[in-house]
Amino acid sequence: TVGSEEDGVIDRFPKRDDRAPDATAVSSESEEIDVICEEGVAQDDNILDSPPPPNVKVVGLGFITRMAEYMVAADVLVSKAGPGTIAEAAALSLPVMLTSFLPGQEEGNVDYVVQGNFGTFVSDSDPQGISEEVASWLNDEHRLRELSDNARGRGAPDAAVEIVEAIGESALRWKKVDEESTSSQSD
């Protein structure tokens, strides 16, 4: 699972089996791969060229609006190198397999993940390489934990609260300056 009670991630979200309401509960006997696509890409029940192993269920979900629920439930994220997605994954201690990037815009995001040691890049033109790398992570609990810890180190799960607090403190300081200025002008 992603995170632990010690790092606070699980404290903020339901336990794994309850996190993604439409996802089948994961047990040691079976695994599920949920395929989520960008808007405009239709759900496709024919996702695979060949059937998955008997203990793996592949579900084509198409475009969804509840991405956060699925990211919280995930062990690994496979995605293009979008900055928002990477930031969300890091905030959730989620290892990232990057498969593509927009030239001129997202190359730095690949470097951020790879140099941060919370994921890697394998081109989407190499699906076998992607699957082998992700499988190696999932089959090595120590490596998966290391990637997750490194993601957490790069993440800023409390960024929104900190930004709001900073804005509020700044507004209060300016209010005080304005009140002092108004008070001194009336004297």
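Definitions and limits used
- Residues numbered from 1 in each chain as written.
- Predicted model: local features only at pLDDT ≥ 70, side-chain atom pairs only at ≥ 80, totals over all residues.
- Heavy atoms only, no water.
- Helix = DSSP H or I, 4+ residues; strand = E, 2+ residues; numbered from the N terminus.
- Contact = heavy atoms within 4.5 Å.
- Areas by Shrake-Rupley, 256 points an atom, 1.4 Å probe, with all protein chains shown as cover.
- Pairing = 2+ DSSP bridges.
- Axes fitted to C-alpha atoms, helices over the stretch in contact; angles between N-to-C directions.
- Buried < 20%, exposed > 50% of the residue type's maximum accessible area, 1.4 Å probe, protein only.
- Phe/Tyr/Trp six-rings, centres within 6.5 Å; stacked < 30°, edge-to-face > 60°.
- Lys NZ or Arg CZ within 6 Å of the ring centre and 35° of its normal.
- Salt bridge = Lys/Arg side-chain N within 4 Å of Asp/Glu carboxyl O.

Chemist: Would you mind showing me how to read the overall build of the protein here?
Modeler: For the protein, the helix and strand inventory stands at 8 helices and 5 strands. Starting at the N terminus and walking to the C terminus, you meet the elements of the protein as α-α-β-β-α-β-α-β-α-β-α-α-α. Long-range pairs, those at least 24 residues apart, make up 54% of the contacts in the protein with a sequence separation of at least 6. Accessible surface, the protein: about 11,900 Å² in total, of which carbon and sulfur atoms supply 52%.

Chemist: It is not clear to me how the sheet that holds strand β3 (residues 77-80) should be interpreted in this structure. Could you clarify?
Modeler: Across a sheet, paired strands are connected by hydrogen bonds in the backbone, their directions being either parallel or antiparallel. Overall, parallel pairing links the 3 strands, which are arranged β3-β4-β5 in an open sheet. Either end of the sheet is taken by a strand with one partner, and the two such strands are β3 and β5 (119-121). Averaged over all adjacent pairs, the angle separating strand axes in this sheet is 25°, with direction ignored. By the bridge criterion, 4 bridges tie β3 to strand β4 (residues 96-100) in an arrangement that is parallel. Bridged to V78 within β4 is M97.

Chemist: For this particular structure, what's the right way to read the side chain of S79?
Modeler: Structurally, S79 is set in strand β3. Here S79 is in contact with T85, M97, L98, T99 and S100, once residues within four sequence places are set aside.

Chemist: I tried to follow helix α4 (residues 83-91) on my own but got confused; where do I start?
Modeler: Since there are 3.6 residues in each turn of an α-helix, residues three or four apart along the chain are aligned in direction. What α4 keeps buried is the set I86, A89, A90 and A91. Once α4 finishes, S93 follows within two positions and takes phi at roughly 60°, a positive value.

Chemist: Can you help me understand the packing of aromatic side chains in this one?
Modeler: A ring pair, where both rings are aromatic, is described by two values, the distance of the centres and the angle of the planes. Throughout the structure, instances matching the rule amount to 2 aromatic pairs. Aromatic side chains Y112 and F118 sit 5.9 Å apart centroid to centroid with 85° between the ring planes, which places their arrangement in the edge-to-face category. For Y112, a relative accessible area of 33% translates into the label partly exposed. Accessibility expressed as a relative area gives 0% for F118, which makes it buried. When the ring centre of Y112 is taken as reference, the NZ or CZ atom of R154 above it lies at 4.6 Å.

Chemist: Where do I start with the pattern of salt bridges in this structure?
Modeler: Oppositely charged side chains are able to pair whenever their charged atoms sit close together. A complete count under the given rule lists 5 salt bridges for this structure. Of the charged contacts, one joins E69 and R66 as a salt bridge, the two residues approaching to 3.2 Å between their closest N and O atoms. Here E69 falls in the partly exposed class, since its relative accessible area comes to 28%. For R66, a relative accessible area of 31% puts it in the partly exposed group. In this structure, D149 and R152 form a salt bridge, with 3.3 Å as the shortest nitrogen-oxygen distance. One end of the pair, D149, and the other, R152, are both in helix α7 (residues 141-154), 3 residues apart, so they sit about a helical turn from each other.

Chemist: Help me out: how do you make sense of unusual backbone geometry in this one?
Modeler: One can expect most non-glycine residues to show negative phi and most peptide bonds to be in trans. Positioned with a positive phi, S93 is a non-glycine residue whose angle comes to about 60°. Mapped onto the elements, S93 comes out in the loop between α4 and β4. With relative accessibility at 0%, the residue S93 sits in the buried group. Despite not being glycine, N117 shows a phi value in the positive range, around 55°. One can find N117 in the loop between α5 (107-115) and β5. Residue classification places N117 among the partly exposed residues on the basis of a relative accessible area of 29%.

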